[in-house]
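What follows is the residue order along each chain.
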Amino acid sequence: MKFSRRQFLNVSGGAVVASCLGNPSLTVGQDVQKQIPKSLAGQLGITTSSLAYQLSPRAKVDQLTLLELPRILRDELGMTVIDLNTSTLASTNPKYLDQVRAAADKAGCVLTNLKMNQPKLDMNSPDTSVRNKALNAYKASIDVASHLGLKWARPLPLVPKPDIKIHVASYRALCEYGAERNVQLLVENYGWMQDDPNSVVKLVDLIGDNVAACPDTGNWNSNEIRYAGLKQTFPLAVTCDFKARNLGPRGEHPLYDLKRCFEIGWKSGFRGPWCFEHANQDRKALFHELSLLREMLQSWMKEAAKQSAGS
């Protein structure tokens, strides 16, 4: 299914989503999910970090550029959603960003999200100058997200647990800045958040406005925390990083149960977009594994939809 960037942008649910997040609950989660563009229901895609070994600013042997990715994603992988990462943008020059957006539009793909992964930034620092430097850099990335027509952006959680008052204040500043540009901020379970199944819900609740969840199926410190955390987080999700580690030849995934992760999301009411995060240095192997993941999710969605219709 192809859908236009206009269809994606016409769903202006950010403010409505924000107003619902003061007290996270299953009911609120269902309200959040209603604001996801209907065109993204059942849609699959990738995070561009999956192509860290394959993407290059300029075309090289066995590599590809971000401008080529939408066509390749559609034609070779049968997917249409692209979740961007700051590290995979060759430039933030508006002319280049226009080219990226045009390439996605031409291929019938949609750019949804910008993972702001600048690792040296610390918006939690007690040092005002360090904190402001981080916030200014993130705001510049939100400008990039807005120029590209993205609905969502996510700052990078750090490993040390922050002073929560500083962290929330910084997040609120970014959420306010993003709201003025029709970009909603996301919270992802990473770093200091990985050992608490309630971490995302609690932080979303504290931030309050123009914020939603982006659960990552891989970023939890144990399987017990993983499944409990996904159950808590999916009701507040507008997108999902469906992360897979090492896969067997038929898509076996011994580290944790991928289908169980999907089922938790589905039972919460989440229908997509599901963005695969899975890397492999070998392009042929990567594309084969991404295709296996696509086929698994498609079959699970079909099976789950049948069960829902029959119940």
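Residue numbering note: each chain is counted from 1, following its sequence as written. Reporting of local features is limited, given that this is a predicted model, to residues whose pLDDT is at least 70; pairs of side-chain atoms are given and counted only at 80 or more, and all residues count toward the totals for whole chains, interfaces and linings. Processing note: side-chain calculations cover all non-hydrogen atoms of the structure and skip hydrogens and water entirely.

## Quick look at the packing of helix α6 (residues 128-148) against helix α7 (residues 164-179)
All axes are obtained by fitting lines to C-alpha atoms, using only the stretch in contact for helices, and the reported angles, taken between N-to-C directions, cover 0 to 180 degrees. Only DSSP runs of H or I with at least four residues qualify as helices, and only runs of E with at least two residues qualify as strands; both kinds are numbered from the N terminus onward. α7 packs onto α6 with a crossing angle of 30 degrees between their chain directions and a minimal axis gap of 10 Å. If you check the angle between α6 and α7, you find them roughly parallel. Where α6 crosses over α7, the handedness of that crossing is right-handed. Note on element contacts: α7 touches α6 through Ile166, Ser170, Ala173, Leu174, Tyr177 and Gly178, opposite Arg131, Leu135, Tyr138, Lys139, Ile142 and Asp143. In the scheme used here, Gly and all other residues not listed as nonpolar or charged are polar, with Ala, Val, Leu, Ile, Met, Phe, Trp, Tyr, Cys and Pro taken as nonpolar and Asp, Glu, Lys and Arg as charged. The class makeup of the residues in the contact of α6 with α7 is seven nonpolar, two polar and three charged. Should an angle fall under 35 degrees it is called roughly parallel, over 145 degrees roughly antiparallel, and 65 to 115 degrees roughly perpendicular, with every other angle called oblique. Note on convention: near helix rotated counterclockwise from far helix by under a right angle means a left-handed crossing. Clockwise means right-handed. We call two residues contacting when some pair of their heavy atoms lies within 4.5 Å.

## Regarding unusual backbone geometry
For residues that are not glycine, phi is negative in most cases, and the peptide bond is trans in most cases. The omega angle of the peptide bond from Gly272 to Pro273 is 10 degrees, so this bond is cis rather than trans. Inspection of the secondary structure puts Pro273 in the loop between α10 (258-267) and β8 (274-277). One non-glycine residue, Asn182, lies in the positive phi region at around 60 degrees. If you trace the backbone, Asn182 turns up in the loop between α7 and β5 (184-187). With a phi close to 50 degrees, Asn210 is a non-glycine residue in the positive phi region. Along the chain, the position of Asn210 falls in the loop between α8 (199-207) and β6 (211-213). Judged by relative accessible area, Asn210 falls into the buried class, the value being 8%. Partly exposed describes any residue whose relative accessible area lies between the buried limit of under 20% and the exposed limit of over 50%, with all areas from a 1.4 Å probe on protein chains only and scaled to the type maximum.

## Quick word on the sheet that holds β5
When DSSP locates at least two bridges between a pair of strands, those strands are taken to pair. What the eight strands build is an open sheet, ordered β6-β5-β4-β3-β2-β1-β8-β7; its pairing is parallel. Edge positions in the sheet fall to β6 and β7 (240-243), since each has one partner strand and no second. The mean inter-strand angle of the sheet, taken between neighbouring strand axes irrespective of direction, is 30 degrees. Where strand β2 (residues 81-85) meets strand β3 (residues 110-116), five bridges bridge the pair, whose relative direction is parallel. Following the sheet pairing, Leu84 is matched in β3 by Leu114.

Everything listed is a geometric property; what it means functionally is a separate question.
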